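# Summary of the model geometry
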Amino acid sequence: MAPAHNQNWKEWYQGKTVLLTGATSGIGREMARILAGCGSRLILCGRNPEALAALKNELGPQGNQAALETYCLDLENGEEVRELCRSLQVRDPVDVLINNAGFGYMGDFVSMPEETGLAMLKVNMDAVVLLCRSFLPLMKDRPGTGVLNVGSVVSFYTIPGSAVYAATKHFIIGLTDALHQEMLPYGVHVTGLYPGRTHSRFLSRATNGALQQWHRAADPEDVAWIGLKGLTENKVRVLTDWPNAAKAFVARLVPIRFFLKTAAYRAVPKEK
Ligand SMILES: NC(=O)c1ccc[n+]([C@@H]2O[C@H](COP(=O)([O-])OP(=O)(O)OC[C@H]3O[C@@H](n4cnc5c(N)ncnc54)[C@H](OP(=O)(O)O)[C@@H]3O)[C@@H](O)[C@H]2O)c1
């Protein structure tokens, strides 16, 4: 739960048009709830029409109904992403883009279906590039706009058993750090959010339903507001808690062979 004090950052979002991917579940859904409370105009994307409709019903009564739109699209499909960009580029400008949608796969690389690996590249990387490339040029003339890209603590190191997912999240940190610096002269904020284990549907999806929830994990609402606040401060990187920040730091200090053998525990948690 966000602390009651120091909520001034929420004003940054007031009246802004926010395009949010992955709004139907987990961290993205919490972001949508917080942003609706900030008085943002919301464009919420997801694949699941029922979940989008439920979100619209839930958030509409906050007086934001006219300012809340939903887009049902599959980010795996580059043409659908381009169509979304085209239709939004000719309307009111998007002030804030949040690339939150993503998914993982947990298991050995050699057992991973080829199409799962390729779909991960499309959703976790290609869609992020397409959306950033569409909206950042339009933000350049409008200081106070911004992009929040959601990576993971595994953006800082890799983990055997989650090779492709970790690689896509390395991409996010590489892209986001560079964009942060490129957009600095224009007053456009670009921030990476790097959560650790968080309660959501992520684990269940990544293990094809074999595991439902992490043993110990962060509350998605906490992760959501930490990321949203970080963007208002134009932080380069936002890690969501100290243990994850420490892990990311230590991973760079210890020899890689030692890290891979020990600290880089296998990504697939043991079934109870
Ligand atoms: N949970 C964790 O432990 C954790 C840790 C580090 C980083 N992260 C990152 O946090 C972000 C949010 O994940 P989460 O934990 O909130 O997981 P989640 O509950 O599974 O939510 C993922 C969201 O992404 C959307 N999505 C996935 N594939 C999509 C596709 N092909 N097209 C359109 N939308 C798609 C989902 O939409 P539908 O439901 O409509 O399919 C859903 O809204 C992801 O980028 C993830 O990598 C999560």
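Above this text sits the structure in question.
The text that follows walks through the structure, step by step, so that each part is easy to find. (Residues numbered from 1 in each chain as written. Predicted model: local features only at pLDDT ≥ 70, side-chain atom pairs only at ≥ 80, totals over all residues. Heavy atoms only, no water.)

## Things to note about the packing of helix H4 (residues 114-139) against helix H5 (residues 163-183)
- The contact between H4 and H5 brings their axes to 9 Å, and the two run at 10°. The orientation of H4 relative to H5 falls into the category roughly parallel. Taking contact as the criterion, the partners of Gly117, Met120, Leu121, Asn124, Met125, Val128, Val129, Cys132 and Leu136 in H4 are, on H5, Val164, Tyr165, Thr168, Lys169, Phe171, Ile172, Leu175, Leu179 and Met183.
- A per-class count over the contact of H4 with H5 returns 14 nonpolar, three polar and one charged. (Axes fitted to C-alpha atoms, helices over the stretch in contact; angles between N-to-C directions. Helix = DSSP H or I, 4+ residues; strand = E, 2+ residues; numbered from the N terminus. Parallel < 35°, antiparallel > 145°, perpendicular 65-115°, else oblique. Contact = heavy atoms within 4.5 Å. Nonpolar A, V, L, I, M, F, W, Y, C, P; charged D, E, K, R; others polar.)

## Quick notes on H5
- Here H5 spans 30 Å end to end across 21 residues, near enough to the 30 Å set by a 1.5 Å rise per residue.
- Regarding H5, the residues found buried are Val164, Tyr165, Ala166, Thr168, Lys169, Ile172, Ile173, Thr176, Leu179, His180 and Met183.
- Its buried side turned inward, H5 meets H4, strand E5 (146-150), strand E6 (189-194), helix H6 (202-206) and strand E7 (237-239). (Expected span 1.5 Å × (residues − 1). Buried < 20%, exposed > 50% of the residue type's maximum accessible area, 1.4 Å probe, protein only.)

## Quick word on a nonpolar patch on the surface
- Residues Phe249, Val250 and Leu253 make up a contiguous nonpolar surface patch of about 320 Å² in total accessible area.
- Along the chain, the position of Leu253 falls in helix H8 (residues 242-253). (Patch = residues over 30% accessible without salt bridge, like charges linked within 9 Å, V, L, I, M, F, W, Y side chains within 5 Å. Areas by Shrake-Rupley, 256 points an atom, 1.4 Å probe, with all protein chains shown as cover. Salt bridge = Lys/Arg side-chain N within 4 Å of Asp/Glu carboxyl O.)

## Points about the packing of helix H1 (residues 26-38) against helix H7 (residues 220-232)
- Orientation of H1 relative to H7, taken along the N-to-C sense of each, is 60°, at an axis distance of 8 Å. In this view, H1 runs oblique relative to H7, as classed from their interaxial angle. For H1 against H7, the interelement crossing comes out right-handed. Contact residues: H1 offers Gly26, Ile27, Glu30, Met31, Ile34 and Leu35, while H7 offers Pro220, Glu221, Val223, Ala224, Trp225 and Leu228.
- Here the residues of the contact of H1 with H7 sort into nine nonpolar, one polar and two charged. (Left-handed = near helix turned anticlockwise from the far one by under 90°.)

## Structural notes on the side chain of His180
- With respect to the helices and strands, His180 occurs in helix H5.
- The class of His180 is buried, set by a relative accessible area of 6%.
- At 3.4 Å, the side chain of His180 forms a polar contact with the side chain of Asn234. (Polar contact = N/O pair within 3.5 Å; in protein donor to acceptor, adjacent residues only side chain to side chain.)

## Some points on the sheet that holds strand E4 (residues 96-99)
- Pairing is parallel in the open sheet, where seven strands are placed in the order E3-E2-E1-E4-E5-E6-E7. In this open sheet, the two edge strands, each paired with only one partner strand, are strand E3 (68-72) and E7. Along the sheet, successive strands turn relative to each other by an average axial angle of 15°, direction set aside.
- When E5 meets E6, the two strands line up parallel, connected through five bridges. In the sheet register, Val147 faces E6, and the bridge partner there is Val190. (Pairing = 2+ DSSP bridges.)

No statement about biological role is implied by the geometric values presented.
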